[in-house]
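# Inside the fold
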Amino acid sequence: MRSVAPTRSLARRATRLLQIAAVVVLGGVFLSLVALALYVIEFVVPSNPGYGFYNTLRAVLLFIGIAVALAGGGMALRAVTWKRDNSLAIRTAEFLTPRLDDRYTFIRNVSRLSLGYIDAVLVGPPGVLVFRIVDMEGSFLNDGQNWVKKNRNGDYVPMMFNPTAECLADIKSLGEYAARRGITQLPIYGVIVFTKEPPLVTLKANNPTIPVALAPEVVDVLAPSYFAAERIDTNTAQKVVKQLYPQ
């Protein structure tokens, strides 16, 4: 199995975003300076009937300038902190690599503007497999689409997030993304993977909507479903990889 991540593509995107952020910040600073100049040098005297409009104009300009500059700062922060890889996906790949041949490509840290973010995607003869990777400890119970976690009192309480709902959303987004690029009727499966192992993690699943597995057991858990048949040809698999892993 080939394990890859679009680090160069993400680096280029981060650089472009940083450049845009610089322009936005400069624009905000310029508007703020213009507004401050209107406060320092009053071009309309208070006795003028249009002074109220003038006063409102410079206040609005100052507000917009500060808001634009802050937005640019947020964009810059996003650019410099953009995650280039997913350490949990790397760990998951370590368990998959010995079990899968070269026909499979494991793409980590999938991030496309028109797709969103996905922890990892496996592309191979059986189709596409979307990974939602969880790095948590505790005792978990999955019933259908619902998730609960045992608290300190030993009671099961709803989790703060729902891995199944998130994985279903990723599957839907990926299917729509592929269809827009001419790849239709693509078999897309999902799996929720826990990277921690017993006794740190205890998993119980009752008719899960999305299969749940510990990282070392992914291939075995999915043997009756995703890995049960070959559904796409090499050409289709390569098209999917090319869309998710731009060189």
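Structure shown above.
To start, this report covers the structure provided alongside it. Here the structure is a predicted model, which means the values were calculated and not measured. (Residues numbered from 1 in each chain as written. Predicted model: local features only at pLDDT ≥ 70, side-chain atom pairs only at ≥ 80, totals over all residues. Heavy atoms only, no water.)

Let us now look at the environment of glycine 27. Structurally, glycine 27 is set in helix H1 (residues 7-40). Residue classification places glycine 27 among the partly exposed positions, given a relative accessible area of 30%. Counting along the chain gives 42 residues from glycine 27 to alanine 69, while the straight-line C-alpha distance between them is 7.1 Å. (Helix = DSSP H or I, 4+ residues; strand = E, 2+ residues; numbered from the N terminus. Buried < 20%, exposed > 50% of the residue type's maximum accessible area, 1.4 Å probe, protein only.)

Under the counting rule described, the total for this entry stands at 1 cavity of 30 Å³ or more. In this structure, the largest cavity spans a volume of roughly 40 Å³. As for the largest cavity, its lining consists of Leu174, Tyr177, Ala178, Ile183, Val240, Gln243 and Leu244. Listed by contribution, the elements that provide at least two residues to the lining of the largest cavity are helix H4 (163-180) and helix H6 (234-244). By residue class, the composition of the lining of the largest cavity is 6 nonpolar, 1 polar and no charged. (1 Å grid on protein atoms, 1.4 Å probe; cavity = no way out; pocket = protein on both sides within 12 Å on 5 of 7 lines; lining within 4 Å. Points joined across faces, edges and corners; volume = space filled by probe spheres on them. Nonpolar A, V, L, I, M, F, W, Y, C, P; charged D, E, K, R; others polar.)

If a residue is not glycine, its phi is most likely negative; likewise, a peptide bond is most likely trans. The omega torsion across proline 198 and proline 199 is 10°, close enough to zero to call that bond cis. The phi dihedral of asparagine 109 falls on the positive side, at around 55°, and the residue is not glycine. Inspection of the secondary structure assignment puts asparagine 109 in strand S2 (residues 105-112). Overall, the relative accessible area of 0% leaves asparagine 109 in the buried class.

We now examine a nonpolar patch on the surface. A surface patch of nonpolar side chains, amounting to about 710 Å² of accessible area, comprises Val29, Leu33, Leu36, Tyr39, Val40, Ile41 and Phe43. Considering the arrangement of structural elements, one finds tyrosine 39 in helix H1. Take tyrosine 39: its relative accessible area is 35%, and that puts it in the partly exposed class. (Patch = residues over 30% accessible without salt bridge, like charges linked within 9 Å, V, L, I, M, F, W, Y side chains within 5 Å. Areas by Shrake-Rupley, 256 points an atom, 1.4 Å probe, with all protein chains shown as cover. Salt bridge = Lys/Arg side-chain N within 4 Å of Asp/Glu carboxyl O.)

A few words now on the side chain of threonine 105. Note that threonine 105 resides in strand S2. If near-sequence neighbours (up to four positions away) are discounted, threonine 105 is found in contact with Arg2, Val4, Val121, Leu122, Val123 and Val241. (Contact = heavy atoms within 4.5 Å.)

Another aspect to go through is H6. Those residues of H6 lying buried are Ala237, Val240, Val241 and Leu244. Taken around the axis of H6, the buried residues stretch over an arc of 100°, which confines them to a single face. Along H6, the residues that are exposed and aim more than 90 degrees away from the buried face are Gln238 and Lys242. The inward-facing, buried residues of H6 abut strand S1 (2-4), S2, strand S3 (116-124), strand S4 (127-134) and H4. (Arc of directions from axis to C-beta.)

Spatial ordering of the open sheet is given by S7-S6-S5-S9, a layout of 4 strands whose pairing is mixed. At either margin of the open sheet sits one strand with a lone partner, and together these are strand S7 (156-158) and strand S9 (201-206). Here the strands of the sheet are splayed against their neighbours by 25° on average, with no regard to which way each runs. Judged from the 3 bridges that link them, strand S6 (residues 146-150) and S7 form a sheet pairing that is antiparallel. Bridge pairing in S7 places lysine 149 opposite valine 157. (Pairing = 2+ DSSP bridges. Axes fitted to C-alpha atoms, helices over the stretch in contact; angles between N-to-C directions.)

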